[in-house]
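Understanding the architecture of this molecule
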Amino acid sequence: MEKKLSKAELQELAIEKKIKRRNFISFSAFFIGAGAAFGGWKWLYDAEQETAGITAGVRKPLRRALNQTELFFRRVFSNDHKVKTYPKDRAAKNVRVNSDIGLNNDDFSAENWQLSILKNSGNVLKIGIEEIRSLPKTEIIYDFKCVEGWDQIQHWAGVRFIDFIAHYQLQEQAKMQYVGMETPDGEYYVGLDMESALHPQTLLAYEMNDKPIADVHGAPLRLIIPVKYGIKNLKRIGTISFSNQRPRDYWAEQGYDYYSGL
Ligand SMILES: Nc1nc2c(c(=O)[nH]1)N[C@H]1C(S)=C(S)[C@@H](COP(=O)(O)O)O[C@H]1N2
Ligand SMILES: [Mo]
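Residues numbered from 1 in each chain as written. Chains lettered and ligands numbered in written order. Predicted model: local features only at pLDDT ≥ 70, side-chain atom pairs only at ≥ 80, totals over all residues. Heavy atoms only, no water.

Further remarks concern unusual backbone geometry. Glycine aside, negative phi is the norm for most residues, and most peptide bonds take the trans geometry. At the junction of Ala219 and Pro220, the peptide bond is cis and its omega measures out at -5° in the coordinates. A positive phi angle, close to 65°, is found at Asp210, a residue other than glycine. Within the secondary structure, Asp210 sits in the loop between strand S7 (203-208) and strand S8 (211-212). Overall, Asp210 belongs to the partly exposed group, its relative accessible area being 45%. Phi angles above zero are rare outside glycine, and Arg236 is one such case at about 55°. As for its placement among the helices and strands, Arg236 is situated in the loop between strand S9 (222-224) and strand S10 (239-243). (Helix = DSSP H or I, 4+ residues; strand = E, 2+ residues; numbered from the N terminus. Buried < 20%, exposed > 50% of the residue type's maximum accessible area, 1.4 Å probe, protein only.)

Structure (structure tokens):
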């Protein structure tokens, strides 16, 4: 026998149906969401690591995200943005010495030192310190900052990297994305984005406080790149190279930020 449902009963049934439907939707949403989260994690987990050693084993998708941040900062930070400078009398007389990786090679001889420029043609340009000293000289007094938490106003002088590029007609090389610099023994090495290398305050420095740079500070030629933390300011440059891939970088291999901009 069929029972006729009252209006009230019908209404109740309709509400129950609605609740069931809602529960079904939210449960489904929950499982789909959880599945997506797991899938996302799994995707990241299984993703290839980016070139070993360039940034301590970061998964490629994460590196891409980091690259985006880097690109954003690069755009915001343009080359007419200069680091603050100070009068000469503010410069430290006792300049701090931080670390000495790549400066302890017994075979090193300051007299025989030559800077090697590795051109993409395969040719190597060798330049002595006297020749570098004869190029237009630029001075800077600025606040040098180390990631370890100290800073000091220091006075450096040398040839601007951009002037060096122009003088040796390395414009073709400078169209590449990165510059790599290494100590003569290859123990310490840095990778730099071209914009920062060509920044008007970036120097290949051969003087500190108006005197030739001491061994501990990177004699005879070191990098002074005020838009970057100390780690990128390579002491005792041996070779300079150019590439569209990130050159190896000592501290990035240990997990530090590759860009290391201020
Ligand atoms: N060859 C070489 N360059 C180097 C380093 C190093 O260990 N070896 N240390 C870097 C770090 S971490 C800093 S803070 C500065 C310190 O330079 P300073 O010793 O002249 O103060 O050099 C940078 N350049
Ligand atoms: Mo440093």
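Here we take up the pattern of salt bridges. Pairing of side chains with opposite charge becomes possible as their charged atoms draw close. Scanning the entire structure with this criterion turns up 11 salt bridges. Note that Lys145 is salt-bridged to Asp143, the shortest N-O span being 3.9 Å. For Asp143, a relative accessible area of 14% puts it in the buried group. Among the ionic pairs, Arg160 bridges to Asp163, the shortest N-O distance being 3.0 Å. Classification of Arg160 as partly exposed rests on a relative accessible area of 24%. Residue class for Asp163 comes out partly exposed when judged on its relative accessible area of 21%. A single network of salt bridges, built from pairs that share partners, joins Lys88, Glu139 and Asp210. (Salt bridge = Lys/Arg side-chain N within 4 Å of Asp/Glu carboxyl O.)

Not every one of the 19 residues close to ligand 1 is listed here, only the nearest: Arg96, Ser99, Ile101, His217 and Lys235. Note that an oxygen atom of ligand 1 is positioned 3.5 Å from one of the backbone N or O atoms of Asp100. Here ligand 1, which alone exposes 530 Å², has 100% of that area covered by the protein. (Near = heavy atom within 4 Å. Polar contact = N/O pair within 3.5 Å; in protein donor to acceptor, adjacent residues only side chain to side chain. Areas by Shrake-Rupley, 256 points an atom, 1.4 Å probe, with all protein chains shown as cover.)

In summary, soluble globular proteins display a tendency toward joint burial of nonpolar side chains. Of all hydrophobic cores here, the largest spans 35 residues; its most connected members are Phe161, Phe164, Met181, Leu204 and Ile240. Those elements that place two or more of their residues in this core are strand S1 (115-118), helix H3 (129-133), helix H4 (161-167), strand S5 (178-182), strand S6 (189-193), helix H5 (194-197), S7 and S10. (Core = buried A, V, L, I, M, F, W, Y, C linked by side-chain atoms within 4.5 Å.)

What the rule picks out here adds up to nine aromatic pairs. Where Phe161 meets Phe164, the ring centres are 6.2 Å apart and the plane angle is 10°; that geometry is what we call stacked. Residue Phe161 and its partner Phe164 are both found in helix H4; the two are separated by three residues, about one turn of the helix. Both residues of the pair, Phe161 and Phe164, count as buried. Three or more aromatic residues joined by ring pairs form one cluster here, namely Tyr188, Tyr189, Tyr250, Trp251 and Tyr256. Stacked on the ring of Tyr259, the Lys or Arg Lys228 has its end atom at 3.6 Å from the ring centre. Here the guanidinium or amino end of Arg248 rests over the ring plane of Tyr189, the centre of that ring lying 3.6 Å away. (Phe/Tyr/Trp six-rings, centres within 6.5 Å; stacked < 30°, edge-to-face > 60°. Lys NZ or Arg CZ within 6 Å of the ring centre and 35° of its normal.)

Read across the open sheet, the five strands follow the order S2-S1-S10-S5-S6; overall the sheet is mixed. With one partner strand each, in any of the chains shown, strand S2 (124-127) and S6 form the two edges of the open sheet. Within this sheet the neighbouring strands show an average axis-to-axis angle of 20°, counted without direction. In this sheet, S10 lies alongside S1 in parallel orientation, the contact comprising three bridges. Within S10, the residue paired with Leu118 across the bridge is Ser241. (Pairing = 2+ DSSP bridges. Axes fitted to C-alpha atoms, helices over the stretch in contact; angles between N-to-C directions.)

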